[in-house]
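Residues per chain, in single letters:
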Amino acid sequence: MSQSARPRPRAIRRAADLVSAGLLDEGRAALVDRVAERFALAITPDMVALIEPGEPDDPIARQFVPSAAELDEAPGERADPIGDDALSPVPGIVHRYPDRVLLKPLLACPVHCRFCFRREALGDGGALSPGQLEAALDYIRARPEVWEVILSGGDPLMLPPARLSAIMDALEAIPHVQVVRIHSRIPAVEPSRVDAAMVAALRRSKAVWLVLHANHPREMTEACRAACARLVDGGVAMLGQTVLLAGVNDDAAVLEALFRAMVATRVKPYYLHHGDLVRGTAHFRTGLDEGRGLVKSLRGRVSGLCQPTYVLDIPGGHGKVPIGPDHLRDGLVEDWRGDRHPYPPVA
Ligand SMILES: *Cc1c(COP(=O)(O)O)cnc(C)c1O
């Protein structure tokens, strides 16, 4: 394969890096830098290696390489698309639902997804100070209704294993916290970070769930699968989350391949997210009907293990709701072939 013949790529932070990696024409560099000034650019070597040079519609490039379309703002788009800010009682905590809170220990990510719903909150690695982290933990300690803590960010697996381990120790010591969930893109975009020290930090007596964010089957590389295997063998249960993205995965065959690859890796597809109203991302959003049609076409054709719930995060902080196709209407249920049957059955 041509990819293995290429030298190991370096991380990309500027348009010039894209030019020298052969992934951008010199003539477009100024434009890319202009977009990157607004929304910073970062691509890991693993993801650079997946991009096919000279392929304008490459689904990996589309997720990470800045595009002029990001400077256009569409009606309804906003800086805080899902209304997190109003639900943050102390820095690093977002508390929307009674039984679970988000804890965001840092706002750094190994890659900057061009459609990220937190792109305007991402700093240059901004992390909670030790005092802020302790105050966030105190918030959780004081609320016995908090059954689950969701580490988000940023990407929590950007933390050095010792720092991650200290946070896990603190959470494990809170009796009412029964479950720790971590949302991360690292096993796909920088799998080498999932080393023995990282797995050891996550091996706990309490349930630890890791939700891998991956959007295209090509992201499920051999290295990614090996990283997931280390985690699952190390006692971490895994789920997958995917953002529905025009030009990346708005295609039944692509979604099928992605979800099959996840399940074969012991990663259960959990959510398929409808694109949030992030500023400058209209070119990534599909219609709701299109999403529902895609999800419907997978039903029956693909194992139930491979079916995520299609969800919309309601703007304004109202939370996520399933928006998948209706199979029951007017006393008729529709089967996976499209045939309709009365229910309860007539005889
Ligand atoms: C998405 C989200 C959660 C988790 O929701 P689940 O439906 O349990 O996956 C929790 N808190 C906030 C603020 C969220 O945005």
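Above this text you will find the structure in question.
**Student:** Mind laying out the packing of aromatic side chains, listing which residues take part and the relevant values?
**Tutor:** Under the definition given, this model contains 2 aromatic pairs. Relative to Phe-284, the ring of Phe-115 has its centre 5.5 Å away and its plane inclined at 75°; by these criteria the two rings are edge-to-face. One end of the pair, Phe-115, is in the loop between strand 2 (100-103) and helix 6 (130-141); the other, Phe-284, is in the loop between strand 7 (268-273) and helix 12 (288-298), and 169 residues separate them in sequence. In this structure, Phe-115 and Phe-284 share a single accessibility class: buried. Sitting over the ring of Tyr-97, Arg-100 keeps its end group 3.9 Å from the ring centre. It is Arg-119 that lies over the ring of Phe-39; its NZ or CZ is 3.5 Å from the centre.

**Student:** Give a detailed account of the side chain of Asn-215, specifying residues and quantitative values.
**Tutor:** Relative to the elements of secondary structure, Asn-215 occurs in the loop between strand 5 (207-213) and helix 10 (222-233). Asn-215 sits in the buried class, given a relative accessible area of 0%. Polar contacts involving the side chain of Asn-215 include one to the side chain of Gln-63, which spans 2.9 Å. With residues up to four places along the chain from it excluded, the contact list for Asn-215 reads Gln-63, Phe-115, Arg-185, Gln-241, Thr-242, Val-243, Leu-245, Val-248, Asn-249 and Leu-258.

**Student:** Can you explain the site of the ligand? Please cite residues and give values.
**Tutor:** The ligand sits among Ile-82, Val-94, Arg-96, Tyr-97, Arg-100, Leu-102, Ile-150, Arg-181, Tyr-270, Tyr-271 and Lys-320. Side-chain polar atom of Arg-96 to an oxygen atom of the ligand: 2.8 Å apart, as the coordinates give it. If the ligand stood free it would expose 390 Å²; the protein chains cover 91% of that surface. Among the elements of the structure, strand 1 (93-97), strand 2 and strand 7 are those that each provide at least two residues to the shell around the ligand. No other element matches the 3 residues that strand 1 contributes to the shell around the ligand.

**Student:** Tell me about the packing of helix 11 (residues 252-264) against helix 12, residues and numbers included.
**Tutor:** Taken N-terminus to C-terminus, the directions of helix 11 and helix 12 make an angle of 55°; their axes are 10 Å apart at the nearest point. One finds that helix 11 runs oblique with respect to helix 12. Remark: the crossing between helix 11 and helix 12 carries right-handed chirality. Where helix 11 approaches helix 12, its residues Ala-252, Leu-255, Glu-256 and Phe-259 are matched on the opposing element by Leu-294, Ser-297 and Leu-298. Split by residue class, the contact of helix 11 with helix 12 holds 5 nonpolar, 1 polar and 1 charged.

**Student:** Account for the nonpolar core, naming residues and giving values.
**Tutor:** Nonpolar side chains tend toward joint burial in soluble globular proteins. Judged by nonpolar contacts, the single largest core of 87 residues is most densely connected at Leu-103, Ile-140 and Leu-151. No other element matches the 6 residues that helix 11 contributes to this core.

**Student:** An account of the sheet that holds strand 10 (residues 328-329) is needed here, citing residue identities and associated values.
**Tutor:** The 3 strands lie next to each other as 10-11-12, forming an open sheet whose pairing is antiparallel. At either end of the open sheet lies a strand with only one pairing partner, and these are strand 10 and strand 12 (340-342). Pairing analysis gives 3 bridges linking strand 11 (residues 332-334) to strand 12, with the strands arranged antiparallel. Its bridge partner being in strand 12, Leu-332 is matched across the sheet by Pro-342.

**Student:** An account of empty space enclosed by the protein is requested, with residue identities and associated values reported.
**Tutor:** Inspection of the entire model under this criterion finds 1 cavity of 30 Å³ or more. Taken as a whole, the largest cavity encloses approximately 30 Å³ of empty space. Every residue lining the largest cavity is listed: Met-168, Leu-171, Glu-172, Val-180, Arg-204, Lys-206 and Val-208. No other element matches helix 7 (residues 161-172), which puts 3 residues into the lining of the largest cavity. Of the residues that constitute the lining of the largest cavity, the class distribution is 4 nonpolar, no polar and 3 charged.

Conventions adopted
- Residues numbered from 1 in each chain as written.
- Predicted model: local features only at pLDDT ≥ 70, side-chain atom pairs only at ≥ 80, totals over all residues.
- Heavy atoms only, no water.
- Phe/Tyr/Trp six-rings, centres within 6.5 Å; stacked < 30°, edge-to-face > 60°.
- Helix = DSSP H or I, 4+ residues; strand = E, 2+ residues; numbered from the N terminus.
- Buried < 20%, exposed > 50% of the residue type's maximum accessible area, 1.4 Å probe, protein only.
- Lys NZ or Arg CZ within 6 Å of the ring centre and 35° of its normal.
- Polar contact = N/O pair within 3.5 Å; in protein donor to acceptor, adjacent residues only side chain to side chain.
- Contact = heavy atoms within 4.5 Å.
- Near = heavy atom within 4 Å.
- Areas by Shrake-Rupley, 256 points an atom, 1.4 Å probe, with all protein chains shown as cover.
- Axes fitted to C-alpha atoms, helices over the stretch in contact; angles between N-to-C directions.
- Parallel < 35°, antiparallel > 145°, perpendicular 65-115°, else oblique.
- Left-handed = near helix turned anticlockwise from the far one by under 90°.
- Nonpolar A, V, L, I, M, F, W, Y, C, P; charged D, E, K, R; others polar.
- Core = buried A, V, L, I, M, F, W, Y, C linked by side-chain atoms within 4.5 Å.
- Pairing = 2+ DSSP bridges.
- 1 Å grid on protein atoms, 1.4 Å probe; cavity = no way out; pocket = protein on both sides within 12 Å on 5 of 7 lines; lining within 4 Å.
- Points joined across faces, edges and corners; volume = space filled by probe spheres on them.

Remember that the coordinates give geometry; whether it matters functionally is a separate question.
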